[in-house]
Amino acid sequence: MTAPLAFAPGLLEALRDGAPVVALESTIITHGMPFPQNVDTARAVEAEVRASGAIPATTAVMDGRILIGLTDGDLDRLGRAEHVRKLSRADIAHCLAMGEMGATTVAATMICCRLAGISVFATGGIGGVHRGAETSFDVSADLHELAQSPVTVVAAGAKAILDLPKTLELLETLGVPVIAFGQDTFPAFWARSSGLPAPMRADTSAQIAQAHVMRARLGLPGGQLIANPIPQEAEIPLSEIGPVIEAALAEAQTQGIAAKSVTPFLLDRIFALTGGRSLDANIALVLNNARLAADIAKDIAALTKV
Ligand code: PSU
Ligand code: MN
(Lines give C-alpha, C1' and ligand atoms only; values in the text may rest on other atoms or scores of the structure.)
(Ligands and ions follow the chains in the order given, each with its own letter.)
Protein backbone atom coordinates (compact mmCIF):
# COMPACT_ATOMS: atom_id res chain seq x y z
CA MET A 1 0.00 0.00 0.00
CA THR A 2 1.49 3.29 -1.04
CA ALA A 3 0.57 6.91 -0.35
CA PRO A 4 -2.52 8.17 -2.23
CA LEU A 5 -0.74 10.69 -4.45
CA ALA A 6 -2.28 12.28 -7.55
CA PHE A 7 0.18 14.10 -9.77
CA ALA A 8 -0.73 16.99 -12.05
CA PRO A 9 -0.42 16.11 -15.76
CA GLY A 10 3.22 15.55 -16.76
CA LEU A 11 4.63 16.02 -13.28
CA LEU A 12 5.39 12.38 -12.44
CA GLU A 13 7.26 12.00 -15.74
CA ALA A 14 9.18 15.23 -15.07
CA LEU A 15 10.22 13.98 -11.63
CA ARG A 16 11.30 10.63 -13.07
CA ASP A 17 13.43 12.49 -15.64
CA GLY A 18 15.12 14.46 -12.84
CA ALA A 19 13.65 17.79 -13.99
CA PRO A 20 13.78 20.70 -11.49
CA VAL A 21 10.53 20.93 -9.50
CA VAL A 22 9.58 23.46 -6.81
CA ALA A 23 6.83 22.55 -4.35
CA LEU A 24 4.52 25.28 -3.03
CA GLU A 25 2.32 25.11 0.09
CA SER A 26 -1.40 25.81 0.15
CA THR A 27 -2.09 27.05 3.70
CA ILE A 28 -0.87 30.43 2.50
CA ILE A 29 -3.81 30.27 0.01
CA THR A 30 -6.53 29.21 2.45
CA HIS A 31 -5.36 30.67 5.76
CA GLY A 32 -2.82 33.33 4.80
CA MET A 33 -4.46 35.63 2.26
CA PRO A 34 -7.99 36.75 1.39
CA PHE A 35 -9.83 35.68 -1.79
CA PRO A 36 -9.21 36.54 -4.65
CA GLN A 37 -5.64 37.72 -3.95
CA ASN A 38 -4.85 34.22 -2.65
CA VAL A 39 -5.64 32.52 -5.98
CA ASP A 40 -4.06 35.33 -8.03
CA THR A 41 -0.89 35.11 -5.93
CA ALA A 42 -0.75 31.31 -6.15
CA ARG A 43 -0.98 31.58 -9.96
CA ALA A 44 1.64 34.32 -10.08
CA VAL A 45 4.02 32.25 -7.92
CA GLU A 46 3.57 29.22 -10.18
CA ALA A 47 4.26 31.44 -13.22
CA GLU A 48 7.40 32.80 -11.56
CA VAL A 49 8.70 29.25 -10.98
CA ARG A 50 8.06 28.41 -14.64
CA ALA A 51 9.66 31.64 -15.86
CA SER A 52 12.73 30.69 -13.81
CA GLY A 53 12.99 27.33 -15.59
CA ALA A 54 11.46 24.94 -13.04
CA ILE A 55 8.10 23.19 -12.67
CA PRO A 56 5.76 24.29 -9.84
CA ALA A 57 3.87 21.76 -7.71
CA THR A 58 1.37 23.20 -5.24
CA THR A 59 0.20 20.55 -2.76
CA ALA A 60 -3.19 20.05 -1.07
CA VAL A 61 -5.57 17.31 0.05
CA MET A 62 -8.78 16.90 -1.93
CA ASP A 63 -11.18 14.01 -2.47
CA GLY A 64 -9.15 11.57 -0.39
CA ARG A 65 -5.90 12.14 -2.26
CA ILE A 66 -2.75 14.22 -1.88
CA LEU A 67 -2.51 16.41 -4.94
CA ILE A 68 1.04 17.01 -6.11
CA GLY A 69 0.48 19.96 -8.43
CA LEU A 70 -2.94 21.59 -8.69
CA THR A 71 -4.80 22.19 -11.93
CA ASP A 72 -6.32 25.62 -12.48
CA GLY A 73 -9.69 24.22 -11.44
CA ASP A 74 -8.31 22.66 -8.23
CA LEU A 75 -6.66 25.92 -7.27
CA ASP A 76 -9.84 27.89 -7.81
CA ARG A 77 -11.88 25.39 -5.77
CA LEU A 78 -9.39 25.50 -2.92
CA GLY A 79 -9.10 29.29 -2.93
CA ARG A 80 -12.87 29.77 -2.76
CA ALA A 81 -13.70 26.99 -0.30
CA GLU A 82 -14.90 28.09 3.13
CA HIS A 83 -14.02 25.28 5.52
CA VAL A 84 -10.65 24.01 4.43
CA ARG A 85 -8.61 22.27 7.12
CA LYS A 86 -5.14 23.47 7.99
CA LEU A 87 -2.96 20.38 7.78
CA SER A 88 0.21 19.81 9.70
CA ARG A 89 1.93 16.45 10.35
CA ALA A 90 -0.72 15.45 12.89
CA ASP A 91 -3.68 16.14 10.59
CA ILE A 92 -2.86 14.89 7.13
CA ALA A 93 -3.75 11.18 7.45
CA HIS A 94 -7.01 11.91 9.31
CA CYS A 95 -8.02 14.47 6.66
CA LEU A 96 -7.40 11.94 3.87
CA ALA A 97 -9.32 9.26 5.73
CA MET A 98 -12.30 11.58 6.24
CA GLY A 99 -12.31 12.68 2.59
CA GLU A 100 -12.10 16.31 3.64
CA MET A 101 -10.37 19.20 1.91
CA GLY A 102 -7.14 20.39 3.46
CA ALA A 103 -4.37 22.88 2.83
CA THR A 104 -0.79 21.91 3.60
CA THR A 105 1.38 23.90 6.01
CA VAL A 106 5.16 23.91 5.70
CA ALA A 107 5.32 20.68 7.73
CA ALA A 108 2.69 18.87 5.65
CA THR A 109 4.12 20.17 2.36
CA MET A 110 7.51 18.76 3.37
CA ILE A 111 5.85 15.38 3.94
CA CYS A 112 4.29 15.64 0.45
CA CYS A 113 7.73 16.50 -0.99
CA ARG A 114 9.30 13.46 0.63
CA LEU A 115 6.55 11.20 -0.74
CA ALA A 116 6.79 12.68 -4.24
CA GLY A 117 10.58 12.96 -4.39
CA ILE A 118 10.70 16.78 -4.54
CA SER A 119 13.82 18.41 -3.07
CA VAL A 120 12.94 22.12 -2.98
CA PHE A 121 9.96 24.02 -1.63
CA ALA A 122 9.23 27.75 -1.59
CA THR A 123 6.96 29.52 0.87
CA GLY A 124 6.55 32.88 2.61
CA GLY A 125 7.34 32.36 6.27
CA ILE A 126 7.72 29.24 8.40
CA GLY A 127 6.07 28.55 11.72
CA GLY A 128 8.26 28.63 14.81
CA VAL A 129 8.37 29.06 18.55
CA HIS A 130 5.59 31.43 19.61
CA ARG A 131 6.15 34.19 22.11
CA GLY A 132 5.18 32.90 25.53
CA ALA A 133 5.92 29.31 24.48
CA GLU A 134 7.45 28.73 27.91
CA THR A 135 3.89 28.64 29.25
CA SER A 136 1.75 27.85 26.16
CA PHE A 137 4.09 25.17 24.70
CA ASP A 138 3.10 26.54 21.24
CA VAL A 139 5.89 25.43 18.93
CA SER A 140 5.13 24.85 15.25
CA ALA A 141 5.53 21.31 13.94
CA ASP A 142 7.33 22.96 10.99
CA LEU A 143 10.53 22.99 13.05
CA HIS A 144 10.42 19.27 13.82
CA GLU A 145 9.58 18.49 10.21
CA LEU A 146 12.66 20.38 9.06
CA ALA A 147 14.62 17.94 11.22
CA GLN A 148 13.02 14.92 9.53
CA SER A 149 12.17 15.44 5.85
CA PRO A 150 14.98 15.99 3.33
CA VAL A 151 13.71 19.19 1.75
CA THR A 152 15.37 22.56 1.18
CA VAL A 153 12.76 25.13 2.26
CA VAL A 154 13.09 28.70 1.00
CA ALA A 155 11.33 31.27 3.22
CA ALA A 156 11.75 34.95 4.06
CA GLY A 157 12.76 33.91 7.57
CA ALA A 158 9.97 34.02 10.11
CA LYS A 159 7.56 36.71 11.24
CA ALA A 160 8.28 38.65 14.39
CA ILE A 161 4.91 37.39 15.71
CA LEU A 162 7.18 34.54 16.82
CA ASP A 163 9.99 34.46 19.34
CA LEU A 164 12.81 34.54 16.79
CA PRO A 165 15.74 33.87 19.16
CA LYS A 166 13.97 30.80 20.58
CA THR A 167 13.08 29.66 17.05
CA LEU A 168 16.74 29.80 16.02
CA GLU A 169 17.82 28.01 19.20
CA LEU A 170 15.39 25.16 18.63
CA LEU A 171 16.40 24.80 14.97
CA GLU A 172 20.00 24.48 16.10
CA THR A 173 19.07 21.85 18.70
CA LEU A 174 17.15 19.93 16.03
CA GLY A 175 20.15 19.97 13.71
CA VAL A 176 18.50 22.11 11.05
CA PRO A 177 20.88 24.32 9.07
CA VAL A 178 19.58 27.89 8.88
CA ILE A 179 21.28 29.59 5.95
CA ALA A 180 20.73 33.28 5.24
CA PHE A 181 20.97 34.14 1.56
CA GLY A 182 23.40 36.93 0.75
CA GLN A 183 23.55 38.47 4.22
CA ASP A 184 24.78 37.73 7.74
CA THR A 185 21.54 38.28 9.67
CA PHE A 186 18.34 36.26 9.89
CA PRO A 187 15.50 37.97 7.96
CA ALA A 188 12.16 38.71 9.67
CA PHE A 189 9.64 38.32 6.82
CA TRP A 190 8.53 41.93 6.08
CA ALA A 191 11.86 43.24 7.35
CA ARG A 192 15.12 42.27 5.65
CA SER A 193 16.83 41.78 8.99
CA SER A 194 15.72 40.67 12.44
CA GLY A 195 19.00 41.99 13.83
CA LEU A 196 19.86 38.44 14.92
CA PRO A 197 22.94 36.80 13.43
CA ALA A 198 22.11 33.97 11.03
CA PRO A 199 23.86 30.70 11.90
CA MET A 200 25.11 30.25 8.30
CA ARG A 201 25.28 32.15 5.05
CA ALA A 202 25.30 31.31 1.33
CA ASP A 203 25.66 33.70 -1.59
CA THR A 204 24.73 31.48 -4.54
CA SER A 205 22.04 28.92 -5.31
CA ALA A 206 24.81 26.49 -6.29
CA GLN A 207 26.25 26.59 -2.76
CA ILE A 208 22.82 25.80 -1.33
CA ALA A 209 22.38 22.93 -3.79
CA GLN A 210 25.81 21.55 -2.83
CA ALA A 211 24.86 21.65 0.86
CA HIS A 212 21.54 19.89 0.12
CA VAL A 213 23.26 17.09 -1.78
CA MET A 214 26.01 16.84 0.87
CA ARG A 215 23.47 16.20 3.63
CA ALA A 216 22.18 13.23 1.62
CA ARG A 217 25.73 11.96 1.05
CA LEU A 218 26.34 12.15 4.80
CA GLY A 219 23.14 10.25 5.48
CA LEU A 220 21.72 13.09 7.58
CA PRO A 221 17.94 13.14 7.76
CA GLY A 222 16.05 16.40 7.54
CA GLY A 223 16.27 19.46 5.37
CA GLN A 224 17.65 22.95 5.45
CA LEU A 225 16.02 26.33 5.91
CA ILE A 226 17.07 29.02 3.45
CA ALA A 227 16.25 32.45 4.83
CA ASN A 228 15.92 34.79 1.85
CA PRO A 229 15.40 38.48 2.71
CA ILE A 230 12.46 40.34 1.18
CA PRO A 231 13.48 42.56 -1.79
CA GLN A 232 14.58 46.02 -0.59
CA GLU A 233 11.80 47.92 -2.41
CA ALA A 234 9.06 45.83 -0.78
CA GLU A 235 10.41 45.92 2.77
CA ILE A 236 8.39 47.19 5.76
CA PRO A 237 10.96 48.06 8.44
CA LEU A 238 10.62 46.52 11.92
CA SER A 239 10.01 49.99 13.36
CA GLU A 240 6.77 50.21 11.32
CA ILE A 241 5.54 46.62 11.48
CA GLY A 242 6.58 46.12 15.12
CA PRO A 243 3.71 48.07 16.72
CA VAL A 244 1.19 46.35 14.40
CA ILE A 245 2.49 42.95 15.51
CA GLU A 246 2.22 43.97 19.16
CA ALA A 247 -1.39 45.07 18.63
CA ALA A 248 -2.29 41.78 16.91
CA LEU A 249 -0.64 39.75 19.69
CA ALA A 250 -2.55 41.72 22.34
CA GLU A 251 -5.85 41.03 20.55
CA ALA A 252 -5.04 37.29 20.33
CA GLN A 253 -4.39 37.25 24.06
CA THR A 254 -7.59 39.13 24.94
CA GLN A 255 -9.67 36.82 22.75
CA GLY A 256 -8.02 33.66 24.09
CA ILE A 257 -6.89 32.44 20.65
CA ALA A 258 -4.98 29.14 20.96
CA ALA A 259 -3.49 26.17 19.10
CA LYS A 260 -3.93 25.99 15.31
CA SER A 261 -5.85 29.26 15.20
CA VAL A 262 -3.01 31.41 16.51
CA THR A 263 -1.02 31.86 13.30
CA PRO A 264 -4.04 32.45 10.97
CA PHE A 265 -5.56 34.88 13.51
CA LEU A 266 -2.37 36.94 13.73
CA LEU A 267 -1.86 36.97 9.94
CA ASP A 268 -5.45 38.09 9.42
CA ARG A 269 -5.22 40.88 12.01
CA ILE A 270 -1.92 42.14 10.60
CA PHE A 271 -3.44 42.26 7.09
CA ALA A 272 -6.37 44.24 8.45
CA LEU A 273 -4.22 46.61 10.50
CA THR A 274 -1.79 47.45 7.67
CA GLY A 275 -4.34 47.60 4.88
CA GLY A 276 -2.91 46.47 1.56
CA ARG A 277 0.68 47.10 2.55
CA SER A 278 1.49 43.84 4.32
CA LEU A 279 -0.18 41.89 1.52
CA ASP A 280 1.88 43.60 -1.20
CA ALA A 281 5.05 42.86 0.75
CA ASN A 282 3.94 39.28 1.32
CA ILE A 283 3.38 38.74 -2.41
CA ALA A 284 6.75 40.29 -3.32
CA LEU A 285 8.66 38.05 -0.92
CA VAL A 286 6.93 34.86 -2.02
CA LEU A 287 7.77 35.62 -5.66
CA ASN A 288 11.36 36.29 -4.63
CA ASN A 289 11.49 32.95 -2.79
CA ALA A 290 10.01 31.15 -5.81
CA ARG A 291 12.84 32.49 -8.02
CA LEU A 292 15.58 31.40 -5.62
CA ALA A 293 13.93 28.00 -5.10
CA ALA A 294 13.81 27.46 -8.87
CA ASP A 295 17.52 28.26 -9.15
CA ILE A 296 18.33 25.83 -6.32
CA ALA A 297 16.15 23.12 -7.92
CA LYS A 298 17.98 23.56 -11.24
CA ASP A 299 21.36 23.35 -9.49
CA ILE A 300 20.35 20.21 -7.56
CA ALA A 301 19.06 18.65 -10.80
CA ALA A 302 22.43 19.37 -12.47
CA LEU A 303 24.36 17.89 -9.54
CA THR A 304 22.29 14.72 -9.34
CA LYS A 305 21.90 14.05 -13.08
CA VAL A 306 23.04 10.49 -13.82
N1 PSU B 1 3.75 32.05 8.80
C2 PSU B 1 3.56 32.97 7.86
N3 PSU B 1 2.67 32.73 6.88
C4 PSU B 1 1.97 31.56 6.83
C5 PSU B 1 2.21 30.58 7.83
C6 PSU B 1 3.12 30.86 8.79
O7 PSU B 1 4.18 34.02 7.90
O8 PSU B 1 1.16 31.37 5.92
C9 PSU B 1 1.50 29.25 7.75
C10 PSU B 1 2.41 28.21 7.07
O11 PSU B 1 1.62 27.30 6.37
C12 PSU B 1 3.07 27.53 8.26
C13 PSU B 1 1.93 27.51 9.25
O14 PSU B 1 3.55 26.23 7.97
O15 PSU B 1 1.27 28.77 9.07
C16 PSU B 1 2.40 27.34 10.68
O17 PSU B 1 1.29 27.19 11.50
P18 PSU B 1 1.49 26.72 13.03
O19 PSU B 1 2.19 27.85 13.70
O20 PSU B 1 0.10 26.49 13.55
O21 PSU B 1 2.31 25.45 12.95
MN1 MN C 1 0.94 26.16 17.03
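Look a little higher up for the structure.
Just so you know, these numbers come straight off a predicted model, no measurement behind them. (Residues numbered from 1 in each chain as written. Chains lettered and ligands numbered in written order. Predicted model: local features only at pLDDT ≥ 70, side-chain atom pairs only at ≥ 80, totals over all residues. Heavy atoms only, no water.)

Undergrad: What's the story with the packing of aromatic side chains in this structure? I'm lost.
TA: The geometry of an aromatic ring pair is captured by two quantities: the separation of the ring centres and the angle between the planes. Taken as a whole, this structure holds one aromatic pair when the rule is applied. For the ring pair Phe189 and Trp190, a centre distance of 5.0 Å and an interplane angle of 85 degrees mean the geometry is edge-to-face. Here the two residues Phe189 and Trp190 agree in accessibility, since each one is buried. Here the basic side chain of Lys159 rests over the ring of Phe189, its NZ or CZ set 3.9 Å away from the ring centre. (Phe/Tyr/Trp six-rings, centres within 6.5 Å; stacked < 30°, edge-to-face > 60°. Buried < 20%, exposed > 50% of the residue type's maximum accessible area, 1.4 Å probe, protein only. Lys NZ or Arg CZ within 6 Å of the ring centre and 35° of its normal.)

Undergrad: Whenever I open this one, the environment of Ala116 confuses me. Can you help?
TA: Residue position: Ala116 is located in helix α6 (residues 106-116). The sequence separation of Ala116 and Ile68 amounts to 48 residues, and the corresponding C-alpha distance is 7.4 Å. Setting aside its immediate chain neighbours within four residues, Ala116 contacts Leu5, Phe7, Leu15 and Ile68. (Helix = DSSP H or I, 4+ residues; strand = E, 2+ residues; numbered from the N terminus. Contact = heavy atoms within 4.5 Å.)

Undergrad: I keep staring at the site of ligand 1 and nothing clicks. Help me out?
TA: Taken together, 14 residues lie around ligand 1, and Glu25, Lys86, Ser140, Asp142 and Lys159 are the ones closest in. The side chain of Glu25 places a nitrogen or oxygen atom 2.7 Å from an oxygen atom of ligand 1. Val106 is positioned such that a nitrogen or oxygen atom in its backbone is 2.8 Å from an oxygen atom of ligand 1. Of the residues that constitute the shell around ligand 1, the class distribution is three nonpolar, seven polar and four charged. (Near = heavy atom within 4 Å. Polar contact = N/O pair within 3.5 Å; in protein donor to acceptor, adjacent residues only side chain to side chain. Nonpolar A, V, L, I, M, F, W, Y, C, P; charged D, E, K, R; others polar.)

Undergrad: For this particular structure, what's the right way to read a nonpolar patch on the surface?
TA: A cluster of nonpolar side chains, namely Met214, Leu218 and Leu220, defines an oily patch on the protein surface of about 270 Å² accessible area. Along the polypeptide, Met214 turns up in helix α10 (residues 205-217). (Patch = residues over 30% accessible without salt bridge, like charges linked within 9 Å, V, L, I, M, F, W, Y side chains within 5 Å. Areas by Shrake-Rupley, 256 points an atom, 1.4 Å probe, with all protein chains shown as cover. Salt bridge = Lys/Arg side-chain N within 4 Å of Asp/Glu carboxyl O.)

Undergrad: So what exactly am I meant to see when it comes to the pairing of strand β3 (residues 55-62) here?
TA: It is a general feature of regular strands that their side chains alternate between the two faces of the sheet. Burial of β3 is extensive: seven of the eight residues sit out of reach of the surface. Looking at chain direction, strand β2 (residues 21-24) and β3 are connected through four bridges and run parallel. Among the inter-strand pairings, Val21 is bridged to a residue of β3, identified as Ile55. Both β3 and strand β4 (residues 65-68) contribute to a ladder of four bridges, which runs antiparallel. (Pairing = 2+ DSSP bridges.)

Undergrad: Just to check I follow, could you spell out the packing of helix α3 (residues 37-51) against helix α4 (residues 72-80) for this structure?
TA: Axis angle and axis distance: for two packed helices, these are the angle between their axes and the distance between the axes, and together they describe the pair. Interaxial distance between α3 and α4 falls to 9 Å at its minimum, and their mutual angle equals 150 degrees. Once α3 is placed against α4, the crossing between them reads as right-handed. Contacts from Asn38, Val39, Ala42 and Arg43 of α3 reach α4 at Asp72, Leu75, Asp76 and Gly79. Of the residues contributing to the contact of α3 with α4, the split by class is three nonpolar, two polar and three charged. (Axes fitted to C-alpha atoms, helices over the stretch in contact; angles between N-to-C directions. Left-handed = near helix turned anticlockwise from the far one by under 90°.)

Undergrad: Explanation requested: the nonpolar core in the structure shown.
TA: One finds Val22, Ile118, Ile126, Val153, Phe186 and Leu225 to be the most contacted residues of the largest nonpolar core, which totals 104 residues. Sorting elements by how many residues they give to this core places helix α13 (residues 276-304) first, with 12 residues. Those residues in contact with Val22 that lie beyond four places of it in its chain are Val49, Ala54, Ile55, Pro56, Ala57, Val120, Ala122, Ala293, Ala294 and Ala297. (Core = buried A, V, L, I, M, F, W, Y, C linked by side-chain atoms within 4.5 Å.)

Undergrad: Which parts of the structure should I look at to understand the side chain of Asn288?
TA: Of note, Asn288 is situated in helix α13. The exposure class of Asn288 is buried, given its relative accessible area of 16%.

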